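# A look at the structure
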Amino acid sequence: MTYLMESAQEVERLQAQASATSYSDRLRLTGLRPGDTALDVGCGPGVITSEMLDIVGPTGHVVGLEPQAEHLAAARALLEGHPNVSLLQGALPQTRQPSNHFDYIWCQYVFEYLGEQDSALAELVRLVKPGGRVVVADIDGVGLWNWPFPEDLQQESQKLLAALRAARFDLHAGRKLFHLFRKAGLEDVRVHISPFYVAAGAVDARLHEDWVIRFRTLRPLAEPYFGGPGPYDAFCQRFMALLDDADTLKYAMVLTTEGVKR
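Residues numbered from 1 in each chain as written. Predicted model: local features only at pLDDT ≥ 70, side-chain atom pairs only at ≥ 80, totals over all residues. Heavy atoms only, no water.

This paragraph deals with the environment of Gly35. Considering the arrangement of structural elements, one finds Gly35 in the loop between α2 (24-29) and β1 (37-41). Sequence separation between Gly35 and Leu53 is 18 residues; the distance between their C-alpha atoms is 9.8 Å. (Helix = DSSP H or I, 4+ residues; strand = E, 2+ residues; numbered from the N terminus.)

Next comes the structure, spelled out in structure tokens:
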């Protein structure tokens, strides 16, 4: 797994992104219960892991798995003093966790980075108990759903998408999960759709800064597809102007897919 977004500001960006939304309703909706032994795969700085701990309570346990050392350090600082959490360094598709161990597995914004999504899901299925739930949440088309969206800017956006595809980043990972779950033999597969962001008018300060960091981090990857720094900067400026436009709608969706192991 190659994490494209790693930068000096990435921990802060992820903390702000996760803190902007409460996940407790979605966690409960998809089957997390008091007393569960749960796994948070790709836990990042631990914001969602903390919400999982609140739900499983003192009789449950949550394991947070994260490949990036800096993110794991932030999670440990956030969750220091919680007796029923374990934070470990690791990543899909080889987690080195025991088979048939977890009641519930949550994995968000990880499959978009994975070249072999089938093997990653197979690993999650291996880890969950029979009758337990696997839940994977991911994006679908971030940055593509805007209106009005000038045609020439749409065409320029395709250069960024080409750069992401070359790096094996899947901008449409969310829509593919249902089919993957069915192929993996999971039962009672359900899909929930929720906003990643909705901006009817200018985006707020957090989302504005989120996009600034995204464009800055992706620069080394994207510039060759635009023909150099000048054209890339021009594209970024136009896209940021679109985000800040009070007369445009911008939105993106997250698809959360859940299934039960036989």
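The discussion continues.
Another aspect to go through is the sheet that holds strand β6 (residues 187-200). Spatially, β3-β2-β1-β4-β5-β7-β6 is the arrangement adopted by the 7 strands of the open sheet, whose pairing is mixed. The sheet terminates laterally at β3 (85-89) and β6, the two strands that pair on one side only. The sheet shows a mean angle of 15 degrees between the axes of neighbouring strands, direction not considered. Of the pairings in the sheet, the one linking β1 to strand β2 (residues 61-66) comprises 5 bridges and is parallel in character. Its bridge partner lying in β2, Thr37 is registered against His61. Together, β1, β4 (102-108) and β5 (128-147) form the strand contacts of helix α5 (residues 117-127), whose direction differs from that of β5 by roughly 145 degrees. (Pairing = 2+ DSSP bridges. Axes fitted to C-alpha atoms, helices over the stretch in contact; angles between N-to-C directions. Contact = heavy atoms within 4.5 Å.)

Within this structure, the stated rule accounts for 14 salt bridges. For Arg262, the salt bridge goes to Glu187, with nearest N and O atoms at 3.1 Å. Of this pair, Arg262 sits in the segment after β7 (249-260) while Glu187 sits in strand β6; the two residues are 75 residues apart in sequence, bridging distant segments of the chain. Here Arg262 falls in the exposed class, since its relative accessible area comes to 66%. Arg214 is paired through a salt bridge with Asp210; the nearest N and O atoms lie 2.5 Å apart. Of the two residues, Arg214 and Asp210 both sit in helix α8 (residues 205-226), 4 residues apart, roughly one turn of that helix. Relative accessible area serves as the criterion here: at 4%, Asp210 is assigned to the buried category. Because the salt bridges share partners, they merge into one network encompassing Arg133, Asp188, Arg190 and Glu258. (Salt bridge = Lys/Arg side-chain N within 4 Å of Asp/Glu carboxyl O. Buried < 20%, exposed > 50% of the residue type's maximum accessible area, 1.4 Å probe, protein only.)

Put simply, Leu92 and Pro93 share a cis peptide bond, and its omega is 5 degrees. Within the fold, Pro93 resides in the loop between β3 and β4. In this model, Asn100 sits at a positive phi of 50 degrees, which is unusual for a non-glycine residue. Relative to the helices and strands, Asn100 is located in the loop between β3 and β4. In this structure Asn100 comes out as partly exposed when scored by relative accessible area, which is 41%. Positive phi, normally seen in glycine, also occurs at Arg168, with a value near 65 degrees. Structurally, Arg168 is set in the loop between α6 (151-166) and α7 (173-183).

We now examine the packing of aromatic side chains. Geometry of an aromatic ring pair is reported as the spacing of the ring centres plus the angle between the planes. Per the counting criterion, the structure on display carries 12 aromatic pairs. Aromatic side chains Tyr23 and Trp106 sit 6.3 Å apart centroid to centroid with 75 degrees between the ring planes, which places their arrangement in the edge-to-face category. Here Tyr23 is found in the loop between α1 (10-19) and α2, whereas its partner Trp106 is found in strand β4, with 83 residues between them in sequence. You'll find Tyr23 and Trp106 in the same group, each marked buried. Taking the centre distance of 5.0 Å and the plane angle of 35 degrees together, the rings of Phe226 and Phe235 count as tilted. Note on Phe226: relative accessible area 6%, which makes it buried. Taking relative accessible area as the criterion, Phe235 reaches 3% and is therefore assigned buried. Through a chain of ring-to-ring contacts, three or more aromatic side chains come together here, namely Phe149, Trp211, Phe215, Phe226, Tyr232, Phe235 and Phe239. Arg214 extends its terminal NZ or CZ atom over the ring of Trp211, reaching a point 5.4 Å from the ring centre. (Phe/Tyr/Trp six-rings, centres within 6.5 Å; stacked < 30°, edge-to-face > 60°. Lys NZ or Arg CZ within 6 Å of the ring centre and 35° of its normal.)

With that settled, consider the nonpolar core. Counting residues in hydrophobic clusters, the biggest one holds 51 residues, and the most contacted among them are Leu27, Met52, Trp106, Trp211 and Phe215. If one sorts the elements of this core by residue count, helix α9 (residues 229-243) sits on top with 7 residues. For Trp211, the residues in contact, after removing those within four places along its chain, are Val142, Gly143, Tyr197, Phe239, Met240 and Leu243. If you look at the next biggest cluster of nonpolar residues, it comprises 24 residues, including Ala120, Val134, Leu180 and Leu186. (Core = buried A, V, L, I, M, F, W, Y, C linked by side-chain atoms within 4.5 Å.)

The subject of this paragraph is the pairing of β2. In terms of burial, β2 is a largely internal element, 5 of the 6 residues being buried. Between the parallel pair β1 and β2, the chain is carried across by helix α3 (residues 47-56), and the sense of this crossover is right-handed. Across 5 bridges, the pairing between β2 and β3 is parallel. Counted as the bridge partner of Gly64 is Leu87 from β3. The handedness of the β2 to β3 crossover, carried by helix α4 (residues 69-78), is right-handed. (Right-handed = clockwise from strand over helix to strand, strands pointing away.)

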